[in-house]
Structure formats: C-alpha cells, structure tokens
Amino acid sequence: MSEKNRKKLHSADYFSEARDFWWNLDFLKLMGQRWQVGNINTVLDVGCGQGHWGQVLSQILPAHTTVVGIDQEPQWVEEAGRRTQYLELEERFSYAQGNADAIPFPDCQFDLVTCQTVLIHMASPFAVLEEMIRVLKPGGLLAVAEPNNLAGVLMFSNLSTGASIEQICQDVEFHAICERGKFNLGEGNSSLGDLIPGYFSQLGLQNIQTYISDKASPLFPPYASREQQVSKQLYLDWVERGRWSRGESLRYFLAGGGTEQAFATYWMQMLQKNKAVEQSLLKEEFYTSGGAVMYLVSGRKPNAS
Ligand SMILES: C[S@@+](CC[C@H](N)C(=O)[O-])C[C@H]1O[C@@H](n2cnc3c(N)ncnc32)[C@H](O)[C@@H]1O
C-alpha cells in the first residue's frame, strides 16, 4: 500500500510493531485473575485496527476463546487477518468491517467486549459504550484500555530535564490546545481515559475496576532489545512531526483557540527539540523511562432481574 493511501486511513500513523510491546503479559495475567476469565468463550474487539490488542489480550484467555474484531477500515480488517495467519491464530480470530456506532451484532452476544485507544477518537464515546454494552451478555465483562495522552507531555528525558519552567508549560499548553481543538472538531478527547470509570457508573455497570498499565517504554543506550530498537526507530521516523502531522496539528490548534502565529512558534520549537533527540539517539546518548498513562477499566453488565 502506498504511503499516500495509508495516510487516508484512520490511525495509519500509529500502527507499528511498537503496539506489541504496550503491555506486560504478567500484568495482563493478573488482570485475567481479577476478572476471572475462565468462563469467557466469545470476545468482541471494537475498533480492532490491525488486531494488536485482541491478539495480546487473547494470551490470558482460555485456549478455546474466539475473538471477533471489527473496524471501520476494510484495509485494517484485511491486515488484522493477515497478522493472525502469520501468528498462526486464524482458527480463533475473525475480522469484519463494522462501525462502533452501530455494532453489526445482535444484543447479548459476547462474554467480553473490549477496545483499546478507540474511544479517544469518538465524537460520542458514551454512545459507543452503550453499543458495546448492548452486544454484551448479561453478566459479561466490558474492558477498555484508553489513555490520558496529555500526561505523556510531562515525561522527561536526559535532554528535557533541564528545560525552563516556561518551556515545560509551553509544551503542555501546545498539546492541551491541540487536544481541545480535536475535541471541538468532534474527533475525540485524547485524554478520555480519566472519564471512563464515571461513564461506566452512569451506564449502570457493576464491579467497576480501574487500573493503570504497569508498562513503561524505556529507551537507554545501547537500545539493545527488539522493543528498544522499534521504539528508537519510531522517534527517528517522527523527527519532522509531532503527535500529529503539521497540517493536522495546525487544524487542531486553530480549533482549540490558538493562532497561526503562535502555532508557527510552537511548531518550530518542537522541531528543534525533535532534532536534538535525533542527534542524541544517533550518538547513543538519549535516555528516558518512557512513561505513559494507559488506563484499563472494566465493569460487568448487570444480570437481567
Ligand atoms: C488507534 S487505532 C486502535 C487500534 C487497535 N484497537 C489497537 O489498539 O491496536 C483506532 C482504530 O479505531 C478505528 N475506528 C475509528 N473510528 C471507528 C468507528 N466509528 N468504528 C469502528 N472503528 C473505528 C480506526 O480505523 C482504527 O483502526
């Protein structure tokens, strides 16, 4: 698929092998114990993308569990299917095109309904959660992994730890304005994770549990592990951009109340910082703990009375 075509697809910039390293398996196994997953036979992965989340999560589920993934992008559905063949998982997994706003399954089908970094892109995450609950069996488990992305702006590296208070605040301000603009445009709240337990409560779910992934993504010389090599390459690939491309960032920044003039200043500062990170990585000097705030929130659909 050409780079031009990839850009048109939702989240095309965010798929890479790095997603396979987002969770510690022993943490997920602990979650499996907390959730008592022994009786789970059927799973729906909403907004499955290339299938990373459902495939990682399946490792803590009984071996017979089947996982269905839906995504609005037919190309991601195809790619997810290819990944399961490569991982020799195709007997347990199937993928189909489908919209999270109108999930193409009847009521009360699945033992577990889940998603990862999907609700942060939704104009109406509450309505999507209602859909997810609709297709969940009574007593079934809803489990969603959604971040607070703004928190990540405050993670330091060897280069930023000495930054002035003004620079730190500017960084937060820039990203907060962009996130606000994205929200104002109806493209989702990038830090929605903070709100999920409250939504679950309003939706009448029971036994609501809220955790934060214990996974960091550290980078330190000599970047020896496969995970660190993948992560280092991501930093290098993103030298010319921020969390979003220049055009997308500008669109969000303006919609968040910023001006073109202020954007030009912020953007230049960010490119300079990225360039410094690139140099530091290439000299094998760059290091960071790579923290992130990724919530894992679960709740049970009440049994019919
Ligand atoms: C950031 S990706 C997450 C993919 C996957 N859950 C993972 O963690 O690897 C967001 C995914 O949501 C999908 N998506 C966005 N809006 C959607 C909608 N309304 N219905 C179904 N899928 C949607 C996108 O196509 C994309 O694959």
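The rules behind these values
- Sequence order as written defines the numbering, with residues in each chain counted from 1.
- Given that the model is predicted, a residue must reach a pLDDT of at least 70 before its local features are reported, and side-chain atom pairs must reach 80 or more before they are shown or counted; all residues, however, enter totals for whole chains, interfaces and linings.
- The basis for the side-chain values is all heavy atoms of the structure; hydrogens and waters are excluded.
- When accessible area is computed with a 1.4 Å probe and restricted to protein chains, residues below 20% of their type maximum are described as buried, those above 50% as exposed, and intermediate ones as partly exposed.
- Only DSSP runs of H or I covering at least 4 residues are called helices, and only runs of E covering at least 2 are called strands; the numbering of each starts at the N terminus.
- Strand pairing is defined by DSSP finding a minimum of two bridges between the two strands.
- Crossovers are described as right-handed under a simple rule: with the strands pointing away from the observer, the path leading from the first strand over the helix to the second runs clockwise.
- Throughout, the term near means that a residue has one or more heavy atoms lying within 4 Å of the molecule or strand in question.
- We define a polar contact as two N or O atoms separated by no more than 3.5 Å, with the added condition that, inside protein, one atom must be a possible hydrogen donor and the other a possible acceptor, whereas residues neighbouring each other in sequence contribute only through side-chain atom pairs.
- Here the term charged refers only to Asp, Glu, Lys and Arg, the term nonpolar to Ala, Val, Leu, Ile, Met, Phe, Trp, Tyr, Cys and Pro, and the term polar to all other amino acids, Gly among them.
- With axes taken as lines fitted to C-alpha atoms, and helix axes fitted only over the stretch in contact, angles between N-to-C directions fall between 0 and 180 degrees.
- In this scheme, a crossing is called left-handed if the near helix is turned counterclockwise away from the far one by less than a right angle; it is called right-handed if the turn is clockwise.
- By the convention used here, residues are in contact when the closest approach between their heavy atoms is within 4.5 Å.
- The domain limits used here are those given by an automatic or database domain assignment.
- The term buried area refers to how much accessible surface (probe radius 1.4 Å) is lost by two components on association, counted for both of them together.
- What counts as a salt bridge is simple: a side-chain nitrogen of Lys or Arg found within 4 Å of a carboxyl oxygen of Asp or Glu.

## What about the pairing of strand β4 (residues 110-116)?
Logical step 1: Buried residues dominate β4, accounting for seven of its seven residues.
Logical step 2: With six bridges joining them, β4 and strand β5 (residues 136-147) adopt parallel strand pairing. Counted as the bridge partner of Leu112 is Leu141 from β5.
Logical step 3: Once the chain exits β4 it traverses helix α5 (residues 125-134) before rejoining the sheet at β5, and the crossover so formed is right-handed.

## Regarding the site of the ligand
Logical step 1: Near the ligand there are 21 residues, and of these Arg19, Gly47, Asp71, Ala100 and Gln116 occur at the shortest range.
Logical step 2: The separation between a nitrogen atom of the ligand and a polar main-chain atom of Gln72 is 3.2 Å.
Logical step 3: Here the residues of the shell around the ligand are counted per class, giving seven nonpolar, eleven polar and three charged.

## Quick word on the packing of helix α8 (residues 226-237) against helix α10 (residues 260-282)
Logical step 1: Orientation of α8 relative to α10, taken along the N-to-C sense of each, is 140°, at an axis distance of 9 Å. In this structure, α8 meets α10 at a crossing whose hand is left-handed. Here Lys232, Tyr235 and Leu236 of α8 come into contact with α10, specifically with Val277, Glu278, Leu281 and Leu282.
Logical step 2: For the contact of α8 with α10, the class distribution of residues is five nonpolar, no polar and two charged.

## Considering the domain arrangement of the protein chain
One widely used convention gives an interface's size as the accessible area the parts lose upon coming together.
Logical step 1: Each assigned domain of the protein chain is listed with its residue range as follows: domain 1 (1-148 + 191-217 + 293-305) and domain 2 (150-187 + 219-287).
Logical step 2: For domain 1 and domain 2, the distance between their C-alpha centres works out to 27 Å.
Logical step 3: Contacts between domain 1 and domain 2 engage 16 residues on the former and 16 residues on the latter.
Logical step 4: Summing both sides of the interface, domain 1 and domain 2 together bury roughly 1,200 Å²; the carbon and sulfur share of this comes to 46%.

## A closer look at the pairing of β5
Logical step 1: With nine of twelve residues buried, β5 lies mostly within the body of the structure.
Logical step 2: Direction of pairing for β5 relative to strand β7 (residues 294-300): antiparallel, over a ladder of seven bridges. Directly across from Leu141, in β7, lies its bridge partner Arg300.

## A look at the sheet that holds β4
Where strands meet in a sheet, backbone hydrogen bonds hold them as pairs that are either parallel or antiparallel.
Logical step 1: With mixed pairing, the seven strands of this open sheet are ordered in space as β3-β2-β1-β4-β5-β7-β6. If you trace the sheet from one side to the other, it starts and ends with β3 (93-97) and β6 (206-212), each paired once. The sheet shows a mean angle of 15° between the axes of neighbouring strands, direction not considered.
Logical step 2: As paired elements, strand β1 (residues 42-46) and β4 share three bridges and run parallel to each other. Paired with Asp45 across the two strands is Thr114, which belongs to β4.
Logical step 3: Against the sheet, helix α4 (residues 74-86) engages β2 (66-71) and β3, with an angle of about 170° to β3.
Logical step 4: The sheet strands contacting α5 are β1, β4 and β5, and the helix crosses β5 at an angle near 145°.

## Side note on the environment of Val293
Logical step 1: Within the secondary structure, Val293 is located in the loop between α10 and β7.
Logical step 2: Given a relative accessible area of 19%, Val293 falls into the buried group.
Logical step 3: For Val293 and Gly188, which are 105 residues apart along the polypeptide, the C-alpha to C-alpha distance reads 17 Å.
Logical step 4: Dropping the residues within four chain positions of it, Val293 is found in contact with Pro147, Asn148, Ala151 and Ile212.

## Comments concerning the pattern of salt bridges
Logical step 1: The final tally for this structure, using the stated rule, is twelve salt bridges.
Logical step 2: A salt bridge links Glu79 to Arg82; its shortest N-O distance comes to 2.7 Å. In this pair, Glu79 and Arg82 both sit in helix α4, three residues apart, roughly one turn of the helix.
Logical step 3: Its relative accessible area of 43% is what places Arg82 among the partly exposed residues.
Logical step 4: Among the ionic pairs, Asp107 bridges to Arg134, the shortest N-O distance being 2.8 Å. Residue Asp107 is located in the loop between β3 and β4, and its partner Arg134 is located in helix α5; the two are separated by 27 residues in the primary sequence.
Logical step 5: With relative accessibility at 46%, the residue Asp107 sits in the partly exposed group.
Logical step 6: Since its relative accessible area comes to 24%, Arg134 is described here as partly exposed.
Logical step 7: Residues joined in a network through salt bridges with shared partners are Glu78, Glu79 and Arg82.

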